[in-house]
Amino acid sequence: MTQKKTPNMHSSWLNVLENEFKKPYMSSLRDFLKNEKSQNKEIFPPSEKTFSALRLTPLESVKVVIIGQDPYHGKGQANGLAFSVDRRTSIPPSLTNIYKEISSDLKLNTPNHGDLSDWARQGVLLLNSVLTVEKGNPASHANKGWETFTDKIIETLNKKKNLVFLLWGSYAQKKGLNINPNLHLILKAPHPSPLSVHRGFFGCRHFSLTNEYLRQKGKKEVDWVIKR
């Protein structure tokens, strides 16, 4: 009998999510993913990076939550962190716009790569609602079970206090509908995609507002600088 592989995430998350892996929806999701792979479909991110957000940002260290939709679907892009790409990949348009807003808001230089691991290690949970995608086929793994799993993550975070939730675009805002505004700071703006960025993402100042709130709550601010 083969031993089941432990999901590649921090133990603090595994402790609260372990039961999710035993539920019928997760069994259906596993079957779906196995079937996709059996048809030689390429799935992103690589399986060892599916839970990168939960590996790099332990539950107890979460200060800020940024909610994305699903991973980038181009080869070599997705690395398990919402909006983030591997260093050797060109920076996608939405992330370029995020960098522009940070530069304007905090007067920081624009980074030369798109790997947001620095943020994740400081307590910024970069959580996609759907954690996998088929190559070249956006939203192909939507409504297969991942949303239930990430709802559980948000429910867990909602029980904490004084977190900052950055909800960009209608999808993220719908995902965060049940977050308690009396316990947390919820900042909303249009999505940073080129299609909607000029409707209010530019000028939202979410990065300075986040740090201002963390400072007020006696927490260490996020260093939004992406190291070279």
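Now for a quick tour of the structure. (Residues numbered from 1 in each chain as written. Predicted model: local features only at pLDDT ≥ 70, side-chain atom pairs only at ≥ 80, totals over all residues. Heavy atoms only, no water.)

### Regarding the sheet that holds strand β2 (residues 64–68)
What counts here: At least two bridges found by DSSP between two strands is the condition for calling them paired. Helix and strand assignments come from DSSP, with helices taken as H or I runs of at least 4 residues and strands as E runs of at least 2, each series counted from the N terminus. Between N-to-C directions, angles span 0 to 180 degrees; the directions come from axes that are lines fitted to C-alpha atoms, helices contributing only their stretch in contact. Note on definitions: a residue-residue contact is assigned when non-hydrogen atoms from the two residues lie within 4.5 Å.
Spatially, β3-β2-β5-β6 is the arrangement adopted by the 4 strands of the open sheet, whose pairing is parallel. Sheet topology places β3 (124–128) and β6 (185–189) at the edges, where each strand pairs with a single neighbour. The mean inter-strand angle of the sheet, taken between neighbouring strand axes irrespective of direction, is 20°. With 3 bridges connecting them, β2 and strand β5 (residues 164–168) associate as parallel partners. When the bridges of β5 are listed, Val65 appears paired with Phe165. On the sheet, helix α6 (residues 146–158) packs against β2, β3 and β5 and is oriented at approximately 150° with respect to β3.

### Quick word on unusual backbone geometry
Filter applied, for reference: For each residue, the accessible area found with a 1.4 Å probe, counting protein chains only, is set against the maximum for its type, and the residue is called buried under 20%, exposed over 50%, and partly exposed in between.
Looking along the chain, the bond that leaves Phe44 and enters Pro45 is cis, with omega of -10°. With respect to the helices and strands, Pro45 occurs in the loop between β1 (43–44) and α3 (52–56). One non-glycine residue, Asn40, adopts positive backbone phi at about 60°. For Asn40, the position within the fold is in the loop between α2 (24–38) and β1. The class of Asn40 is exposed, set by a relative accessible area of 71%. Phi angles above zero are rare outside glycine, and Arg205 is one such case at about 55°. Within the fold, Arg205 resides in the loop between β6 and α8 (206–216).

### A short note on the pattern of salt bridges
Under the convention used in this document: Salt bridges are defined by distance alone: a side-chain nitrogen of Lys or Arg within 4 Å of a carboxyl oxygen of Asp or Glu.
This structure, assessed with the given rule, holds 10 salt bridges. Taking the shortest distance from any N to any O, the salt bridge between Glu42 and Lys75 comes out at 2.6 Å. Residue Glu42 is located in the loop between α2 and β1, and its partner Lys75 is located in the loop between β2 and α4 (93–106); the two are separated by 33 residues in the primary sequence. Between Lys227 and Asp223 there is a salt bridge, with its nearest N and O atoms 3.9 Å apart. What makes Lys227 partly exposed here is its relative accessible area of 44%. On the accessibility criterion, Asp223 (36% relative accessible area) is partly exposed. Among the charged side chains, a network of salt bridges with common partners joins Glu42, Lys75 and Lys135.

### Points about α6
Condition: Between the first and last residue of a helix there are one fewer steps than residues, each counted as 1.5 Å, and that sum is the expected span.
Across its 13 residues, α6 extends 18 Å between first and last C-alpha, which sits within 8% of the 18 Å expected from 1.5 Å per residue. Buried residues of α6: Trp146, Glu147, Phe149, Thr150, Ile153, Ile154, Thr156, Leu157 and Asn158, and no others.

### Comments concerning the packing of α4 against α8
Quick note on the threshold: Roughly parallel here means an angle under 35 degrees, roughly antiparallel means over 145, roughly perpendicular means 65 to 115, and every remaining angle is called oblique. By the convention adopted, Pro, Cys, Tyr, Trp, Phe, Met, Ile, Leu, Val and Ala count as nonpolar, Lys, Arg, Asp and Glu as charged, and the other residues, Gly among them, as polar.
Relative to each other, α4 and α8 sit at 60°, their axes nearing to 8 Å. Classified by the interaxial angle, the pair formed by α4 and α8 is oblique. Across from Ile98, Glu101, Ile102, Asp105 and Leu106 in α4, the residues of α8 making contact are His206, Phe207 and Ser208. Partitioned by chemical class, the residues of the contact of α4 with α8 number 4 nonpolar, 2 polar and 2 charged.

### Digging into the packing of aromatic side chains
The line we're drawing: Pairing of aromatic rings covers Phe, Tyr and the six-membered ring of Trp, with a centre-to-centre limit of 6.5 Å; geometry is then stacked below 30 degrees between planes, edge-to-face above 60, and tilted otherwise.
Applying the stated criterion across every chain, the model contains 12 aromatic pairs. Centroid distance Trp146 to Phe149: 5.9 Å. Interplanar angle 65°. Geometry classified as edge-to-face. With Trp146 and Phe149 both in helix α6, this residue pair falls 3 residues apart, about one helical turn. We classify Trp146 as buried; its relative accessible area is 3%. Accessibility expressed as a relative area gives 0% for Phe149, which makes it buried.

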